Amino acid sequence: MKKYLAVIKTEWQRQMTYRINQFTFRIGNVFDILMQIIVWTAIFQSTSSVKGYNYREIMTYIIIGWLLTFLMTNFGFESIISRHVQKGELSNFLSKPIDYVNYLIFLSIGRSSFSLSVAFLMNMMLLLIFRKNFIFSADIFMWFILVTMVLAGYFVKLFLSILVGFISFWTVDNEGMFYSIKTLERFLGGVYFPLNILPAIFLKISLVLPFVYTFYFPAQLYLGKISVLQGLLGLGTEIAWLAVLYFAMRIVWKLGIRKFESVGI
Amino acid sequence: MAAASYMSNRIEYGSYFFGKVVRFAFLLVAILAIFNHVKTMAGYSKYQVIAFFLTAFLVDTIGQALFRGIYLVREDIRKGNFDYVVSKPLNSLAYSLFRLPDFLDVIFLVPLLTLVIYTFVKLGIFSNPANILLYLVFILISTIILVALHIVSVSLTVWTMESESFIWIYRNAMFLGLFPPEIFSNPVQLIFTFAMPIIIIVAVPAKALLGILTPGMALAALAVAFVFFFGSLLLWKISLKHYSSASS
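Residue numbers restart at each chain and count upward from 1, following the sequence in its written direction. A letter from A marks each chain and a number from 1 marks each ligand, given out in the order of writing. This being a predicted model, a pLDDT of at least 70 is required before a residue's local features are given, and a value of 80 or more before pairs of side-chain atoms are given or counted; all residues contribute to the totals for chains, interfaces and linings. In computing side-chain properties, one takes all heavy atoms of the structure into account and sets aside hydrogens as well as water.

Draft legend 1. Molecular detail of the overall build of chain B. Looking only at helices and strands, chain B has 12 helices and 0 strands in total. The secondary structure elements of chain B, listed N-terminal to C-terminal, are α-α-α-α-α-α-α-α-α-α-α-α. Here the globule rule reads 2.2 Å times residues to the power 0.38, and the radius of gyration is calculated from C-alpha atoms. Radius of gyration (C-alpha) of chain B: 19 Å, near the 18 Å computed for a compact globule of 248 residues. Across its three principal directions, the C-alpha atoms of chain B cover 60 × 45 × 30 Å. Summary of the burial criterion: residues with accessible area below 20% of their type's maximum are buried, those above 50% are exposed, and those between are partly exposed, where the area comes from a 1.4 Å probe applied to protein chains only. Per-residue burial over chain B gives 54% buried out of 248 residues. When charges are counted, Lys and Arg are positive and Asp and Glu negative, with His and the chain ends excluded. Just so you know, the charge point we use is NZ for Lys, CZ for Arg, CG for Asp and CD for Glu. Separation between the mean location of the 16 positive side-chain charges and that of the 10 negative ones in chain B comes to 6 Å. Working definition: helices are DSSP H or I runs of at least four residues, strands are E runs of at least two. Numbering for both runs from the N terminus.

Draft legend 2. Inspection of the packing of aromatic side chains at higher detail. Side-chain rings of Phe, Tyr and Trp, where Trp is taken by its six-membered ring, are said to pair if the distance between their centres is within 6.5 Å; with planes under 30 degrees apart they count as stacked, over 60 as edge-to-face, and otherwise as tilted. Enumeration over the complete set of coordinates arrives at 41 aromatic pairs over all chains. Note on Phe187(A) and Tyr192(A): the rings are 5.1 Å apart at their centroids and 45° apart in plane angle, and the pair reads as tilted. Grouping aromatic residues by their ring pairs yields a cluster made of Phe93(A), Tyr100(A), Tyr103(A), Phe166(A), Phe169(A), Trp170(A) and Trp253(A). Over a ring means this: the NZ of a Lys or the CZ of an Arg is within 6 Å of the ring centre and within 35 degrees of the ring normal. Here Lys225(A) stacks its cationic end above the ring of Tyr53(A), 4.8 Å away from the centre of that ring. The ring of Tyr16(B) has Arg68(B) lying over it, and the distance from NZ or CZ to the ring centre is 5.8 Å.

Draft legend 3. Representation of the side chain of Thr193(B). Mapped onto the elements, Thr193(B) comes out in helix H10 (residues 186–195). Any two residues whose heavy atoms approach within 4.5 Å at even a single point are treated as in contact. When near neighbours in sequence (up to four residues on either side) are disregarded, Thr193(B) contacts Ile199(B), Ile200(B), Met217(B) and Val224(B).

Draft legend 4. Highlighting the interface of chain B and chain A. Contacts between the two partners involve 36 residues from chain B, matched on the other side by 37 residues from chain A. As a working definition, buried area equals the accessible area (1.4 Å probe) given up by two parts on being put together, with both sides summed. At the boundary of chain B with chain A, total buried surface from both sides reaches about 3,400 Å², with 74% on carbon and sulfur atoms. Polar contacts, as counted here, are pairs of nitrogen or oxygen atoms within 3.5 Å of one another; within protein the pair requires one atom able to donate a hydrogen and one able to accept it, and residues that are adjacent in sequence qualify only if both atoms are side-chain atoms. Our count for the contact surface shared by chain B and chain A stands at 2 residue pairs in polar contact (both at pLDDT 80 or more). At the level of secondary structure, the elements contributing two or more residues to the side of chain B that touches chain A comprise helix H2 (10–34), helix H4 (73–79) and helix H9 (165–173) of chain B. A total of 15 residues in the side of chain B that touches chain A trace back to one element, the largest contributor, which is H2(B). In the side of chain B that touches chain A, the residues fall into 20 nonpolar, 8 polar and 8 charged. The classification used treats Ala, Val, Leu, Ile, Met, Phe, Trp, Tyr, Cys and Pro as nonpolar, Asp, Glu, Lys and Arg as charged, and all other residues, Gly among them, as polar.

Draft legend 5. Structural detail: helix H10 (residues 216–223) of chain A. Residue and element names in this part refer to chain A. Counting buried positions over the 8 residues of H10 gives 8, a clear majority of the element. What H10 keeps buried is the set Tyr-216, Phe-217, Pro-218, Ala-219, Gln-220, Leu-221, Tyr-222 and Leu-223. Note on H10: the residue one or two positions beyond its end, Gly-224, has a positive phi of about 75°.

Draft legend 6. Representation of the environment of Met59(A) within the structure. Residues and elements named next belong to chain A. Relative to the elements of secondary structure, Met-59 occurs in helix H3 (residues 55–71). Met-59 gets classed as buried once you look at its relative accessible area, which sits at 0%. Through-space distance from the C-alpha of Met-59 to that of Ser-46 is 16 Å; in sequence the pair is 13 residues apart. Ignoring anything within four residues of it in the chain, the contact list for Met-59 reads Ile-37, Trp-40, Thr-41 and Asn-133.

Draft legend 7. Representation of empty space enclosed by the protein in the model. Think of a 1 Å grid over the protein atoms and nothing else: a 1.4 Å probe that fits but is trapped marks a cavity, an open set flanked by protein within 12 Å on at least five of seven lines marks a pocket, and residues with an atom within 4 Å of a point count as lining. Grid points are joined across faces, edges and corners, and a volume is the space filled by probe spheres set on the points. Within the structure shown, the criterion is met by 6 cavities of 30 Å³ or more. A volume near 150 Å³ is recorded for the largest cavity. Elements that contribute at least two residues to the lining of the largest cavity include exactly helix H2 (19–43) of chain A together with H2 of chain B. Grouping the amino acids of the lining of the largest cavity by side-chain chemistry returns 11 nonpolar, 1 polar and no charged. Of the voids in this model, the second largest cavity is the one considered here, and its volume is about 60 Å³. In terms of lining residues, the second largest cavity is bounded by Phe52(B), Leu176(B), Gly177(B), Phe179(B), Pro181(B), Phe184(B), Phe192(B), Ile198(B), Ile199(B), Val202(B) and Ala203(B). Ranked by residues supplied to the lining of the second largest cavity, first place goes to helix H11 (residues 198–210) of chain B with 4 residues. Partitioning the lining of the second largest cavity into residue classes produces 10 nonpolar, 1 polar and no charged.

Draft legend 8. Representation of the packing of H3(A) against H10(A). Residue and element names in this part refer to chain A. Every axis in this analysis is a line fitted to C-alpha atoms, fitted for helices over the stretch in contact. Angles between the N-to-C directions lie between 0 and 180 degrees. The contact between H3 and H10 brings their axes to 9 Å, and the two run at 130°. Between H3 and H10, the crossing angle belongs to the class labelled oblique. Crossing angle aside, the handedness with which H3 passes H10 is right-handed. Along the contact surface, H3 presents Glu-57, Thr-60, Tyr-61, Ile-64 and Leu-68, while H10 presents Tyr-216, Pro-218, Ala-219, Gln-220, Tyr-222 and Leu-223. In these notes the angle categories are as follows: under 35 degrees is roughly parallel, over 145 is roughly antiparallel, 65 to 115 is roughly perpendicular, and the rest is oblique. Note on convention: the crossing is left-handed when the near helix lies turned anticlockwise from the far helix by less than a right angle, right-handed when the turn is clockwise.

The following block contains the structure:
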């Protein structure tokens, strides 16, 4: 365990070295959030309700959704794994008494703990600015499901990233695949707009994929637009995805390591 | 060389292309869905808003098609390979900007331009060829500003040796250009007209197309293009003076 804690500590120090990157990425996120707030504010100037959402509900959807998505985000794991595989750096891990997949998980915790603290602070500032249009909820059951969903969602996203990273065992690069999956994750997750304003087919497809449980579904739960029971069912689906992705990750790792040529040795 | 790279990484670039198409399609569907609930947005009709949306994508796609190479500069610096670039008898700025054109973005321009023409038809623009000509002129001016923004990004990468963060700020800010600028408050409009000129890049050509561009805004676009272009060249020269080779 001590060696994995050292991984977290080292990563935290590395993140501190690249502070400008952290700052600019967060600015990018702020643009995303502000754009949604501005667009929806413009839309609500000529109507009081869109598909059952009033202005306060849509503002709450955006703020709570982004807060949750920040908490579940890991940063750039696909490229880290790709680099390890393509440049032969993976050999360093194979020769050490360390499980590579576990190393990645702890590395992610180290990365996230720094980045999330920055992102969390920025979201709290947004919450403070838009507090008049934010709906606060004190439903304890809802919070219990929500927190569990965030934990499960964090690992769902991490395992997906690791899986995409493992594609590097078979291809020269994986950035394109990473970009495609991130794009699908954002749109089928309901990051840019609530999925139920789109034609019904989008929501139906989304509900069987894991992305929806990282933004749209928990935000709907928070707003009380789905019941606690439906929330539990959603949580069950998310945990099922977590298990599927974990086993898929372990299997792909075993298959990939057979293919690994250890470039540079 | 870039073409050969694309052919050897078909799955990789195919995935990128898929992601771009999905992003574009989802945003377009969302705008259409929103207009099922409202008749106008900031006073603009559905097809007028789509004209802004398509112009933003058009300009952004031109930028990505031409300047993909700047994303390789940081890695070159990190490995010390940038020393070879600056020591060769070639224009290191032109090399850094244009070394990797994105052919998939060129392909993406085909459906995009088809939709632009369809929107022209829906808005009855073809009866006013002067507007189309002005649109093309201001798209050209937007491209000059895009060149300037990419020069700023590559200059900052050379200077600070950190990743191409600036260009990501621009690319995220382009999201603001998808909609008419009137949805923003006046201070926000000022920032995105003069500091990060997304409004000049997108809204000026779109407004020229719709026949609602004011002379003041047209002059502002010319001034911003001039200042950004020559300012960025100056920054590039300064950044080269501050460049400290990673390999020495």
